[in-house]
Amino acid sequence: MSGTELTLTLSGGTAADARAVVRALEPAFGAPEEELPADDRVTVHTARFEHDPADPPPGGAPGTGGQLSGAVTVTVQGSPEAVAKARERLGHTFTAQEQGSVSGDQEQEWQLLLEP
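Summary of the structure given here. (Residues numbered from 1 in each chain as written. Predicted model: local features only at pLDDT ≥ 70, side-chain atom pairs only at ≥ 80, totals over all residues. Heavy atoms only, no water.)

**Remarks on the packing of aromatic side chains**
1) Next: Counted under the stated rule, the structure contains one aromatic pair.
2) Next: Ring plane angle 45° and centroid distance 5.8 Å describe the contact between F29 and F49, whose orientation is recorded as tilted. Taken together, the positions of F29 in helix α1 (residues 15-29) and F49 in strand β2 (residues 44-51) put the pair 20 residues apart, joining distant regions of the chain. Across this residue pair, the class does not change: F29 and F49 are buried.
3) Next: R87 extends its terminal NZ or CZ atom over the ring of W110, reaching a point 3.8 Å from the ring centre. (Phe/Tyr/Trp six-rings, centres within 6.5 Å; stacked < 30°, edge-to-face > 60°. Helix = DSSP H or I, 4+ residues; strand = E, 2+ residues; numbered from the N terminus. Buried < 20%, exposed > 50% of the residue type's maximum accessible area, 1.4 Å probe, protein only. Lys NZ or Arg CZ within 6 Å of the ring centre and 35° of its normal.)

Okay, here's the thing in structure tokens:
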């Protein structure tokens with residue numbers, strides 16, 4: 001089984017914003033490995049997804065995600081395939097502006113500004 005891992009880091013928003021972003025990614029990646037963010041006192045929220053591209057999770061329709069309370073900065077990191085899929089999903093759900101990227105041999109990182 002060849003897994004694909006995606007790590008999501010969100011800053012500048014609430015726990016509800018982080019949950020909305022995670023829910024937008026669930027149709028493509030399944031549920032995150034940890035519980036959804038819940039603590040509003042935290043300023044940076046993270047979620048990690050692991051899935052096998054050969055075995056996509058059920059419900060592949062675009063996620064609805066929900067509303068954001070304001071602009072949030074999201075960093076997605078993982079394999080090029082996982083990062084591209086995450087960028088596509090987030091761009092369909094929210095207004096997304098690319099803020100920069102870093103590419104390595106087997107991993108990419110993209111920073112996006114998501115707006116409601």
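**Description of the environment of R48**
1) Next: Its place among the elements puts R48 in strand β2.
2) Next: On the basis of relative accessibility, which here comes to 32%, the residue R48 falls in the partly exposed class.
3) Next: On a C-alpha basis, the gap between R48 and Q77 in space is 9.5 Å, while along the polypeptide they are 29 residues apart.
4) Next: Look past the residues within four positions of R48 in its chain and what remains in contact with it is E5, L6, T7, P32, E33 and E34. (Contact = heavy atoms within 4.5 Å.)

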